[in-house]
Amino acid sequence: MLSNSSKVSGNETMFHTPSSSSSLFSAAGSSFVVGLTPMRPCKSSLSGTGLHNNLRFHGEQKSKNGPYPVDVVIQSVDMDNGYLCGYLSIQGITEDMPTLSTFFDGEIIGPKCTFLTRKWDASEDIDRQHWSKFRLFKEKKFDKSFNSDEFDYHKEINFKEGVFMRWKEHFLVQDHNVTSVRGASFAGFYYLCYMPNERRIEGYYYHKESEWFQSIILHQVDNPFPESHSFR
């Protein structure tokens, strides 16, 4: 999500913000949750990646306007099909809604989803600039080969070293009919990398009209709920 760190149109701007760790992690008791249902098991044939249902992170996103706390719950992970989804809660972006929670889904880079975005106003050059910010991407020299027809995702991508992803927010959990809030927007998306050994996600937000390279750092936190659930 974007905050008022960069202008989009009129009074709307784009950027991601923070939320208190209790706002999303205790979402089961919040007013916007209709109900909870047990989730199906995490669908993956890849062990050791560290990504699984009901994983929780806390951290912050930084822009020129300052840091904003962020909380994330990974609702569901399907490594085999390169898919995950969850909820992102941020606080302080706009006075109209001090806390914003959004639903997002994501693409896990691998055989099913390539490094090339091919949507959301992201060109090959924009992909290269953002992916090249990640240490693992540079160490593997992917910046020289990620657009090649010869790039072998089965061979080159090792999920135990790092999981590259894109996350795209879709709607406010508080009201799915709301697509924008004065002073905030979620028209862009995140380039991300999860590092299992460090239990950490780092990334950058992109939208063509926003401040570029707004960084986000998320640290995995202990799961307060032993059983995975999903919002419905």
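Residues numbered from 1 in each chain as written. Predicted model: local features only at pLDDT ≥ 70, side-chain atom pairs only at ≥ 80, totals over all residues. Heavy atoms only, no water.

Q: Would you mind showing me how to read empty space enclosed by the protein here?
A: Gaps left between atoms are located by rolling a probe of water-molecule size over the structure's atoms. A complete count under the given rule lists two cavities of 30 Å³ or more for this structure. Lining the largest cavity are Leu-136, Lys-140, Phe-142, Glu-156, Ile-157, Asn-158, Glu-161, Gly-162 and Phe-164. Considering only residue class, the lining of the largest cavity consists of four nonpolar, two polar and three charged. Together, Phe-134, Arg-135, Leu-136, Cys-193, Met-195 and Glu-202 line the second largest cavity. Mapped onto the lining of the second largest cavity, the elements with two or more residues apiece are helix H3 (135-139) and strand E9 (189-195). Its residues assigned to classes, the lining of the second largest cavity comprises four nonpolar, no polar and two charged. (1 Å grid on protein atoms, 1.4 Å probe; cavity = no way out; pocket = protein on both sides within 12 Å on 5 of 7 lines; lining within 4 Å. Points joined across faces, edges and corners; volume = space filled by probe spheres on them. Nonpolar A, V, L, I, M, F, W, Y, C, P; charged D, E, K, R; others polar. Helix = DSSP H or I, 4+ residues; strand = E, 2+ residues; numbered from the N terminus.)

Q: Explain helix H2 (residues 124-131) here, please?
A: Helical geometry note: an α-helix holds 3.6 residues per turn, so side chains three or four residues apart project in the same direction. Those residues of H2 that fall on the buried side of the exposure criterion are Ile-126, Asp-127, His-130 and Trp-131. For H2, the buried positions fall inside an angular range of 120 degrees around the axis, keeping them on one side. (Buried < 20%, exposed > 50% of the residue type's maximum accessible area, 1.4 Å probe, protein only. Arc of directions from axis to C-beta.)

Q: What exactly am I supposed to notice about the packing of aromatic side chains here?
A: Working definition: an aromatic ring pair is given by the centre-to-centre distance plus the angle between the planes. In this structure the tally under the stated criterion is 29 aromatic pairs. Geometrically, the ring pair formed by Tyr-87 and Phe-103 is edge-to-face, given 5.7 Å between the ring centres and 65 degrees between the ring planes. Within this pair, whereas Tyr-87 is found in strand E6 (residues 83-91), its partner Phe-103 is found in strand E7 (residues 99-108), the two being separated by 16 residues in sequence. Overall, Tyr-87 belongs to the buried group, its relative accessible area being 7%. Accessibility expressed as a relative area gives 15% for Phe-103, which makes it buried. Residue placement shows Lys-119 over the ring face of Trp-120; its charged tip is 4.6 Å from the ring centre. In this arrangement the basic side chain of Lys-133 is found over the ring face of Phe-213, its NZ or CZ atom lying 4.5 Å from the centre. (Phe/Tyr/Trp six-rings, centres within 6.5 Å; stacked < 30°, edge-to-face > 60°. Lys NZ or Arg CZ within 6 Å of the ring centre and 35° of its normal.)

Q: Explanation requested: the pattern of salt bridges in the structure shown.
A: Close approach of charged atoms allows side chains of opposite charge to pair. Applying the stated criterion to the full structure yields eleven salt bridges. A salt bridge links Lys-62 to Glu-60, with the shortest nitrogen-to-oxygen separation between them at 3.7 Å. On the basis of relative accessible area, Lys-62 is assigned to the partly exposed category, the value being 45%. Between Arg-128 and Glu-124 there is a salt bridge, with the nearest N and O atoms lying 3.1 Å from each other. Here Arg-128 pairs with Glu-124, and both are found in helix H2, just four residues apart, close to one helical turn. (Salt bridge = Lys/Arg side-chain N within 4 Å of Asp/Glu carboxyl O.)

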